[in-house]
Number of protein chains: 2
Amino acid sequence: MRDFSRSLPMSLLRAREAVMRQFRPSLREHGLTEQQWRILRALAAIEAVEVTELARTAFLLGPSLSRILRDLEARNLIERKTAKADLRRSMVSISEKGVKLMASVAPSSEAIYSEITRRYGARKLAELQDMLAELERSLGELGASDEAIAEE
Amino acid sequence: MRDFSRSLPMSLLRAREAVMRQFRPSLREHGLTEQQWRILRALAAIEAVEVTELARTAFLLGPSLSRILRDLEARNLIERKTAKADLRRSMVSISEKGVKLMASVAPSSEAIYSEITRRYGARKLAELQDMLAELERSLGELGASDEAIAEE
DNA sequence: GGAAGATACTTAACATGTTAAGTGAATGCG
DNA sequence: CGCATTCACTTAACATGTTAAGTATCTTCC
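For clarity, every value in this text was computed on a predicted model and none was experimentally measured. (Residues numbered from 1 in each chain as written. Chains lettered and ligands numbered in written order. Predicted model: local features only at pLDDT ≥ 70, side-chain atom pairs only at ≥ 80, totals over all residues. Heavy atoms only, no water.)

J.: Is there a simple way to think about the sheet that holds strand E2 (residues 78-82) of chain A in this case?
T.: One key point about sheets: their strands pair by backbone hydrogen bonds, in either a parallel or an antiparallel sense. Residues and elements named next belong to chain A. If you walk across this open sheet you meet the three strands as E1-E3-E2, and the pairing is antiparallel. One side of each edge strand has no neighbouring strand; the edge strands of this open sheet are strand E1 (49-50) and E2. Where helix H2 (residues 34-44) meets the sheet, its contacts fall on E1, E2 and strand E3 (90-94), and the angle it forms with E3 comes to roughly 95 degrees. (Pairing = 2+ DSSP bridges. Helix = DSSP H or I, 4+ residues; strand = E, 2+ residues; numbered from the N terminus. Contact = heavy atoms within 4.5 Å. Axes fitted to C-alpha atoms, helices over the stretch in contact; angles between N-to-C directions.)

J.: Looking at this structure, I do not really get the interface of chain A and chain B. What am I missing?
T.: One widely used convention gives an interface's size as the accessible area the parts lose upon coming together. The interface is formed by 53 residues belonging to chain A together with 53 residues belonging to chain B. Both sides of the chain A and chain B interface together cover about 5,600 Å² of buried area, and 69% of this is carbon and sulfur. In this structure, the connection of chain A to chain B is made through four salt bridges. For the salt bridge of Arg 14 of chain B with Glu 136 of chain A, the shortest nitrogen-to-oxygen distance reads 3.3 Å. Applying the counting criterion to the chain A and chain B interface returns 18 residue pairs in polar contact (both at pLDDT 80 or more). (Buried area = accessible area lost by both parts, 1.4 Å probe. Salt bridge = Lys/Arg side-chain N within 4 Å of Asp/Glu carboxyl O. Polar contact = N/O pair within 3.5 Å; in protein donor to acceptor, adjacent residues only side chain to side chain.)

J.: Before we go on, may I ask you to explain the relation of the copies chain A and chain B in this structure?
T.: The operation relating the two chain copies consists of a rotation about an axis and a shift along that axis. In screw terms, the move from chain A to chain B is a rotation of 180 degrees and a rise of 0.0 Å along the axis, fitting with an RMSD of 0.0 Å. Both copies are brought into coincidence by an operation consistent with a two-fold rotation axis. Distance from the rotation axis, computed per C-alpha, reaches its smallest value in chain A at Leu 12 of chain A: 3.3 Å. (Least-squares fit on C-alpha atoms with pLDDT ≥ 70 in both.)

J.: Would you mind going over the protein's contact with DNA strand D with me for this structure?
T.: In the region of DNA strand D, 26 residues are neighbours, and Ser 66 of chain A together with Pro 63, Ser 64, Arg 67 and Leu 87 of chain B sit closest. Arg 80 of chain A has a polar side-chain atom sitting 2.9 Å from a phosphate oxygen of DNA strand D. Mapped by element, the contributors of at least two residues to the surface near DNA strand D are helix H1 (8-29), helix H3 (51-58) and helix H4 (62-74) of chain A together with helix H2 (34-44) and helix H4 (62-74) of chain B. Considering each element in turn, the surface near DNA strand D owes the most residues, four residues, to H4 of chain B. Its residues placed into classes, the surface near DNA strand D shows eight nonpolar, seven polar and 11 charged. (Near = heavy atom within 4 Å. Nonpolar A, V, L, I, M, F, W, Y, C, P; charged D, E, K, R; others polar.)

J.: I'm lost on unusual backbone geometry in this one. Help?
T.: Excluding glycine, a negative phi dihedral is what most residues carry, and trans is how most peptide bonds are arranged. The phi angle at Asn 76 of chain A is positive, at roughly 60 degrees, despite the residue not being glycine. Here Asn 76 of chain A shows up in the loop between H4 and E2. Positive phi outside glycine occurs at Phe 59 of chain B, with the angle close to 55 degrees. Inspection of the secondary structure puts Phe 59 of chain B in the loop between helix H3 (51-58) and H4. Exposure remark for Phe 59 of chain B: the relative accessible area of 25% places this residue in the partly exposed category. (Buried < 20%, exposed > 50% of the residue type's maximum accessible area, 1.4 Å probe, protein only.)

J.: What is the right way to look at the protein's contact with DNA strand C in this model?
T.: For DNA strand C, the set of nearby residues contains 26 residues, the closest of which are Ser 64, Arg 67 and Leu 87 of chain A together with Ser 66 and Arg 88 of chain B. Of what DNA strand C places within 4 Å of the protein, 66% of the atoms are sugar or phosphate. Within the contact set of DNA strand C, a phosphate oxygen lies 3.0 Å away from a side-chain nitrogen or oxygen of Arg 24 of chain B. In the environment of DNA strand C, a sugar or linking oxygen lies 3.2 Å from a nitrogen or oxygen atom belonging to the side chain of Arg 28 of chain B. Counting residues per element, the ones that place at least two in the surface near DNA strand C are H2 and H4 of chain A together with helix H1 (8-29), H3 and H4 of chain B. The leading source of residues in the surface near DNA strand C is H4 of chain A, at four residues. For the surface near DNA strand C, the residue count by class is eight nonpolar, seven polar and 11 charged.

J.: How should the sheet that holds strand E2 (residues 78-82) of chain B be read in this particular structure?
T.: Residue and element names in this part refer to chain B. One open sheet accounts for three strands, arranged E1-E3-E2; its pairing is antiparallel. Of all the strands in the sheet, the pair left with one neighbour each is strand E1 (49-50) and E2. Inspection of the sheet shows E2 paired to strand E3 (residues 90-94) by five bridges, in the antiparallel sense. Opposite Ile 78, over in E3, you have Ile 94 as the bridge partner. Along the sheet, H2 makes contact with E1, E2 and E3, crossing E3 at roughly 95 degrees. Helix-sheet contacts for H4 involve E2 and E3, and the interaxial angle to E2 is about 115 degrees.

J.: What is the right way to look at the pattern of salt bridges in this model?
T.: If the charged atoms of two oppositely charged side chains come close together, the side chains can form a pair. Residue and element names in this part refer to chain A. Scanning all chains against the criterion turns up 34 salt bridges over all chains. Glu 115 is paired through a salt bridge with Arg 119; the nearest N and O atoms lie 3.0 Å apart. On the criterion of helical spacing, the pair formed by Glu 115 and Arg 119 is a turn pair, its members being four residues apart in helix H5 (residues 96-120). Among the residues examined, Arg 119 registers a relative accessible area of 23% and is labelled partly exposed. When salt bridges that share partners are traced, they join Arg 16, Glu 17, Arg 21, Arg 24, Glu 34 and Arg 38 into one network.

This is how it looks when you write it as structure tokens:
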């Protein structure tokens, strides 16, 4: 069996950890986890979104998102309103306080990203991202999460 | 601010998830999580290891590993002995039952890996792994986990 | 050889990942 | 219309990630 330390999942895990290790301390100083930061960033780009759509863009599972939104709301970093037309849906948006928090984190976050780009090389980084995207495509078509296949 | 869905951390996260989505169902059928599987694979390659060294090879933090080893031991998949020379250290090894479980999982795991390689391309896969390894190197030198730097 | 510091874990506490089950609200359709 | 199905979330339960604190053992150095 292949030396598992050189398997694709391990390579991806280690690479991602190497990257996140750069960001976590800064986020932590601002009282944010990686996931909370993803949510704020996703929200900053739009007026309001449904929870399900937010889960897709922030790449979080529903249950995780549910909990995190509860906490972010308690901290007044986001706001929710139930949609008028469909009481099941709730629209989530970033609050003014959330925007301010983002503004305070963004500079250091940008600086870290720039430093990563500088060390690894911008061209190489773009190449890597392309290859990762194609890996996703290669696997996405078949192994998607909820294929309508008989549960047996 | 950069569209975060195209950021490096997200690219790596999505790619890894696309890969792991292929493996999880098979592991699950055998009652193993991804991390438990990593540990068994790491143990299969050697006679016995210290916990700290195992944490390094399986890429798990100490506390996670502590819990998982407790559970794997309860399931009789691994064995531990405290080292004679140093009572702090404990040597971990895979049990016979653990070896058998691995043997039952390995075929499907290998098949999945082969299919991923086939879909993405062996050459491309090797290239990707090289680029990931270099990303690690680029970032590892400075941002390592425990640099002896003033706590402020 | 004995106290201070370092080491190898383990526990604790809280946040998230993951799957299954629950809840209330829309939809489809006879 | 009415009832079964689907949908959009939320809760529950258990496993892991992450940081801090705890415990026992070992090492160092006077």
